[in-house]
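Take a look at the letters that make up each chain.
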Amino acid sequence: MNLHTVVEVKRPVSIGEIDRWETGYAWLAGGTWLFSEPQIETHTLIDLERLDWPPLQMTQDGLEIAATCSIADLYAFQPPAAWIAGSLIGECCRSFLASFKIWNEATVGGNICMSLPAGPMISLACALEGTYTLWPHGGEPRDVAAVDFTVDNHRNILQPGELLRSVKIPVRAFTKRHAFRRESLTNIGRSEALLIGTSAPEFGDLLLTITAATVRPVQLRFETMPTAAALREAIDAAVPETLYLDDVNGSPPHRRHLTYYYAEAIRRELAA
Ligand SMILES: Cc1cc2nc3c(=O)[nH]c(=O)nc-3n(C[C@H](O)[C@H](O)[C@H](O)COP(=O)(O)OP(=O)(O)OC[C@H]3O[C@@H](n4cnc5c(N)ncnc54)[C@H](O)[C@@H]3O)c2cc1C
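Heads up: these notes are all about the structure in this document.

What counts, and at which threshold
- Once a new chain begins, its residue numbering starts again from 1 and follows that chain's sequence as written.
- pLDDT decides what is reported in this predicted model: residues at 70 or higher carry local features, side-chain atom pairs at 80 or more are listed and counted, and totals for whole chains, interfaces and linings draw on all residues regardless.
- Side-chain metrics in this entry use all non-hydrogen atoms of the structure; hydrogen atoms and water are not considered.
- Runs of H or I in DSSP of at least four residues are treated as helices and runs of E of at least two as strands, each being numbered from the N terminus.
- Each residue is assigned to one of three classes by its accessible area relative to the maximum for its type, calculated with a 1.4 Å probe on protein chains only: buried under 20%, partly exposed between the two thresholds, exposed over 50%.
- Only heavy atoms enter the contact rule, under which two residues are in contact if any of them lie within 4.5 Å.
- Areas reported as accessible are Shrake-Rupley estimates using a 1.4 Å probe. Residue values count occlusion only from the protein chains shown.
- A pocket, in this scheme, is an open set of points on a 1 Å grid over the protein atoms alone with protein on both sides within 12 Å along at least 5 of 7 lines, while a cavity is a set where a 1.4 Å probe fits but cannot get out; residues line either one if an atom lies within 4 Å of a point.
- Grid points are joined across faces, edges and corners, and a volume is the space filled by probe spheres set on the points.
- For this classification, the nonpolar set comprises Ala, Val, Leu, Ile, Met, Phe, Trp, Tyr, Cys and Pro, the charged set comprises Asp, Glu, Lys and Arg, and every other residue, Gly included, is treated as polar.
- Two rings from Phe, Tyr or Trp (for Trp, the six-membered ring) form a pair when their centres are within 6.5 Å of each other. A pair whose planes differ by under 30 degrees is stacked, one over 60 is edge-to-face, and the rest are tilted.
- Any Lys NZ or Arg CZ that is within 6 Å of a ring centre and within 35 degrees of that ring's normal is treated as a charge sitting over the ring.
- Residues enter a nonpolar core if they are buried and are Ala, Val, Leu, Ile, Met, Phe, Trp, Tyr or Cys, with the set joined through side-chain atoms within 4.5 Å.

### Quick notes on the overall build of the protein
Helix and strand counts for the protein come out as 8 helices and 14 strands. With respect to the three principal axes, the spread of C-alpha positions in the protein is 55 × 45 × 35 Å. Residues classed as buried in the protein amount to 50% of the 272 residues present. Long-range contacts, defined as pairs at least 24 residues apart, comprise 61% of the intrachain contacts of the protein with a sequence gap of at least 6. Accessible surface for the protein amounts to roughly 13,000 Å². Of this, 52% is attributable to carbon and sulfur atoms.

Listed below in structure tokens is the structure:
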């Protein structure tokens, strides 16, 4: 849709060109959300495209995904065979309520910064123990754990003018065994619950990431594989009733039921 309040679009080739930040500015990535509804408080868009960040870089430490990497480019990435949890990339890309048209424009960073409970790039980054590099406006870059970034439905820790630069996924997370479960009311629909478990073969531990069912990601870490009862108890302790999302895609009691159900399925799969 046309954004009638927008009077200027800046297209910097370097972030240094944005030497001030004011209320009414917004970063523009793929625009799939920005152009999907009126943005009455926005008068200036700052398009990230010309910054021309390399979408994906493999390093000896792991994978660096630029915030501007499209979902299509991420989906096309072929991880090395040893990165067995690399298949989670495909699982999460297919977890959008979106067709390939959206995949070509929507970016990984845009999805993370939207901070919706059903943001599958958030699920991916949290489950794979990712770190986000943030560029505060006029400050030094800072790194935050993916799981600490989203604090509520459509709310995160970004300060005014702060930019998400990249997502770093460590090699060790890619080499873990993993299990993925997702519920949606319709095929290619919005996720009602999306849970991912990972386990390092040498430790037999469990890292369980709960997303979509809850307003923000919840992560449970067990040094050894828990019993079914211990897992359920840990979920109850970490996820009070108020943390379950209540919207048209699912009620809190149903999301809680799915959380228990899929967490146990993941536990059994990884314990086997
Ligand atoms: C049909 C359809 C289906 C959708 N399905 C889903 C879904 O299933 N799950 C879901 O989570 N979303 C969904 N969305 C919402 C949205 O399209 C996605 O979240 C998408 O990934 C946003 O990415 P984008 O690059 O288009 O972001 P944009 O629309 O460009 O930006 C989104 C927000 O993030 C900010 N932003 C973008 N990049 C950065 C950055 N690097 N640093 C700081 N701030 C930044 C923007 O200022 C804006 O506030 C859907 C949208 C449509 C139209």
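### A look at the layout of surface pockets
In this model, the second largest pocket occupies a volume close to 310 Å³. In terms of lining residues, the second largest pocket is bounded by 16 residues, among which Ala29, Glu49, Thr68, Glu105 and Thr107 are the most central. Residue classes in the lining of the second largest pocket are distributed as 6 nonpolar, 5 polar and 5 charged.

### Quick look at unusual backbone geometry
A positive phi angle is found at Asp52, which is not glycine, with a value near 60°. Secondary-structure assignment places Asp52 in the loop between β3 (44-47) and β4 (56-59). Despite not being glycine, Glu129 shows a phi value in the positive range, around 55°. Checked against the element boundaries, Glu129 lands in the loop between α5 (120-127) and β6 (131-135).

### Section: the packing of aromatic side chains
Here the structure, examined in full by the defined rule, presents 7 aromatic pairs. Following the ring pairs from residue to residue traces out a cluster consisting of Trp21, Tyr25 and Trp27. Between Arg165 and the ring centre of Trp53, over which it is positioned, the NZ or CZ distance is 4.1 Å. The lysine or arginine in question, Arg232, covers the ring of Tyr260, its NZ or CZ lying 3.7 Å from the ring centre.

### Quick look at the nonpolar core
Judged by nonpolar contacts, the single largest core of 50 residues is most densely connected at Leu74, Val108, Ile112, Met121 and Tyr132. Broken down by element, the residue count for this core peaks at 6 residues, all from α5. What Val108 contacts, discounting residues up to four positions off in sequence, is Ile65, Ala66, Ala67, Cys69, Ile71, Leu74, Met121 and Val167. Counting residues in each nonpolar core, the second largest holds 24 residues, with Val218, Phe222, Leu231 and Ala234 among its members.

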